[in-house]
Amino acid sequence: MINYLVTGGAGFIGSSLCDELLKSEGNHIIAIDNFCDFYDVRIKENNIKELIKNPNFKLYRNDIRDKKAITKIFAENNIDIVIHLAAMAGVRSSIENPILYQDVNCMGTQNILEAMKEFNINNLVMASSSSVYGNCRKTPFKEDMIVDYPISPYAATKKANEIMTHVYHKLYNMNVIMLRLFTVYGPRQRPDLAINKFTKLMLADEEIPMYGKGTTSRDYTYISDIVDGIIKASNYCIKNNNIYEILNLGNSFPVTLRKMIDIIRTSFKCKT
Ligand SMILES: NC(=O)c1ccc[n+]([C@@H]2O[C@H](COP(=O)([O-])OP(=O)(O)OC[C@H]3O[C@@H](n4cnc5c(N)ncnc54)[C@H](O)[C@@H]3O)[C@@H](O)[C@H]2O)c1
């Protein structure tokens, strides 16, 4: 039996992960989410509507910045591993609101780390991001590349998370796995992400806002592969002692924006 604490449990990746974890008998989930309005809260309510019927799923509607509330959650539950996904995500919006990103992603994470320290919880799997690679030109991106030059507040907070979790690993022997996720897509994808946005526009026969010629490319990862990777990382984390690892969770088959749009167009037989 494993008791997971999943932060950001109502979000795109968090809720998909919880669905999968609860398919295995003996797994219990304590989820934390503050249902912030970064995107329509009804989407998040919908993500968890089946989960909350499951007796092995316990939801706390709290903010990870609320130290008192977080301490209380840790005091009330037996936790084997923390899967920390709660964050303000999104590169562009972080440029508009850097203080909020710093507050949630850095101070919120620090509260989680402090609670883990206080309650002697030694296993942490956390979402970092491919955005830490910034303008790195050399591909494929490798975990041991120097990523000291982020180009957005969001990326800077994720890099800061990688550094701060290392401190807790060193000082308190915490097992830490930082997963650098590469743009995740699939059912429940966040509405601010391109595939979701473009599909809606194309289905409504509306024009897609293109910056440049559509030649920029990025790696996309399907949600079930990400969930699988998080679960495998969690099992690895629990079975090991005193580890700190940074892992890319993606592939190396960049798709151009133009190609991505063509694929959506063909799949949905759109005219635009
Ligand atoms: N989706 C991607 O392509 C992608 C890529 C790289 C990294 N990530 C990382 O993966 C994680 C999950 O991303 P997602 O796409 O599921 O995003 P999401 O926004 O759907 O999920 C994040 C969840 O965290 C919650 N949250 C935000 N602030 C909080 C706070 N202060 N207290 C408690 N809960 C809070 C939100 O309400 C949301 O439900 C994030 O850490 C994100 O940075 C995602």
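Here, the structure is the one placed above.
Notes on the structure in this doc start here.

Considerations on the packing of aromatic side chains
Thought 1: Across all of its chains, the model carries nine aromatic pairs by this definition.
Thought 2: When the centroid spacing of 6.3 Å and the interplanar angle of 35° are considered together, the rings of Tyr133 and Phe182 count as tilted. Remark: Phe182 occurs in the loop between strand 6 (175-181) and strand 7 (184-185) and Tyr133 occurs in the loop between strand 5 (123-129) and helix 6 (153-172); sequence separation between them is 49 residues. With respect to burial, Tyr133 and Phe182 carry one shared label: buried.
Thought 3: An aromatic cluster is present here, built from Tyr133, Phe141 and Phe182 joined pairwise through their rings.
Thought 4: Taking the ring centre of Tyr39 as reference, the NZ or CZ of Lys44 above it sits at 4.6 Å.
Thought 5: In this arrangement the basic side chain of Arg61 is found over the ring face of Phe35, its NZ or CZ atom lying 4.2 Å from the centre.

A few points about unusual backbone geometry
Thought 1: Note the cis peptide between Thr139 and Pro140, where omega equals -5°.
Thought 2: The phi torsion at Arg188 lies on the positive side, around 80°, for a residue other than glycine.
Thought 3: Within the secondary structure, Arg188 sits in the loop between strand 7 and helix 7 (194-203).
Thought 4: Residues other than glycine seldom take positive phi values, yet Lys269 does so here, at roughly 50°.
Thought 5: Tracing the backbone through its elements, the reader meets Lys269 in the segment after helix 9 (257-268).
Thought 6: The exposure class of Lys269 is exposed, given its relative accessible area of 73%.

Let's talk about the pattern of salt bridges
Where side chains of opposite charge bring their charged atoms close, a pairing between them can arise.
Thought 1: Scanning the model with the defined rule gives 14 salt bridges in all.
Thought 2: Taking the shortest distance from any N to any O, the salt bridge between Lys53 and Glu50 comes out at 3.1 Å.
Thought 3: Given a relative accessible area of 48%, Glu50 falls into the partly exposed group.
Thought 4: As a salt-bridge pair, Glu114 and Lys117 come within 3.2 Å of each other at their nearest N and O atoms. Of this pair, Glu114 and Lys117 both sit in helix 5 (residues 98-118), separated by three residues, roughly a single helical turn.
Thought 5: Judged by its relative accessible area of 32%, Lys117 is partly exposed.
Thought 6: A cluster of three or more residues bridged by salt bridges with shared partners is formed by Asp63, Arg65 and Asp103.

Considering the site of the ligand
Thought 1: Lining the immediate environment of the ligand, one finds 30 residues, of which Asp33, Tyr39, Asp63, Tyr154 and Val184 sit closest.
Thought 2: Residue Asp33 places a side-chain N or O atom 2.6 Å away from an oxygen atom belonging to the ligand.
Thought 3: One of the backbone N or O atoms of Val184 is found 2.7 Å from an oxygen atom in the ligand.
Thought 4: About the coverage of the ligand: the protein hides 97% of its 820 Å² of free accessible area.
Thought 5: The dominant element in the shell around the ligand, judged by the number of residues it contributes, is strand 5, at three residues.
Thought 6: Residues that form the shell around the ligand fall into these classes: 17 nonpolar, seven polar and six charged.

Structural notes on the sheet that holds strand 10 (residues 244-249)
Thought 1: The strand order 3-2-1-4-5-6-10 describes an open sheet built from seven strands, whose pairing is parallel. In this open sheet, the two strands that pair with only one neighbour each are strand 3 (57-60) and strand 10. Put simply, the sheet's adjacent strands are angled 20° from each other on average, direction ignored.
Thought 2: Examined bridge by bridge, strand 1 (residues 2-7) and strand 4 (residues 81-84) share four bridges and lie parallel to one another. Bridged to Val6 within strand 4 is Ile83.
Thought 3: Across the sheet, helix 1 (residues 12-21) lies against strand 1, strand 2 (27-32), strand 3, strand 4 and strand 6, angled at about 165° from strand 1, the strand it touches most.
Thought 4: Its contacts with the sheet place helix 6 against strand 5, strand 6 and strand 10, and it is angled at close to 160° to strand 5.

Notes on the packing of helix 1 against helix 8 (residues 223-239)
Thought 1: Orientation of helix 1 relative to helix 8, taken along the N-to-C sense of each, is 65°, at an axis distance of 10 Å. On the basis of their axis angle, the class for helix 1 and helix 8 is roughly perpendicular. Our pair here, helix 1 against helix 8, has a crossing hand that is right-handed. Listed contacts from helix 8 to Phe12, Ile13, Ser16, Leu17, Glu20 and Leu21 of helix 1 are Ile223, Ile226, Val227, Ile230 and Ile231.
Thought 2: Grouping the amino acids of the contact of helix 1 with helix 8 by side-chain chemistry returns nine nonpolar, one polar and one charged.

What counts and what doesn't
Residues numbered from 1 in each chain as written. Predicted model: local features only at pLDDT ≥ 70, side-chain atom pairs only at ≥ 80, totals over all residues. Heavy atoms only, no water. Phe/Tyr/Trp six-rings, centres within 6.5 Å; stacked < 30°, edge-to-face > 60°. Helix = DSSP H or I, 4+ residues; strand = E, 2+ residues; numbered from the N terminus. Buried < 20%, exposed > 50% of the residue type's maximum accessible area, 1.4 Å probe, protein only. Lys NZ or Arg CZ within 6 Å of the ring centre and 35° of its normal. Salt bridge = Lys/Arg side-chain N within 4 Å of Asp/Glu carboxyl O. Near = heavy atom within 4 Å. Polar contact = N/O pair within 3.5 Å; in protein donor to acceptor, adjacent residues only side chain to side chain. Areas by Shrake-Rupley, 256 points an atom, 1.4 Å probe, with all protein chains shown as cover. Nonpolar A, V, L, I, M, F, W, Y, C, P; charged D, E, K, R; others polar. Pairing = 2+ DSSP bridges. Axes fitted to C-alpha atoms, helices over the stretch in contact; angles between N-to-C directions. Contact = heavy atoms within 4.5 Å. Parallel < 35°, antiparallel > 145°, perpendicular 65-115°, else oblique. Left-handed = near helix turned anticlockwise from the far one by under 90°.

By themselves, these observations are geometric and do not establish any function.
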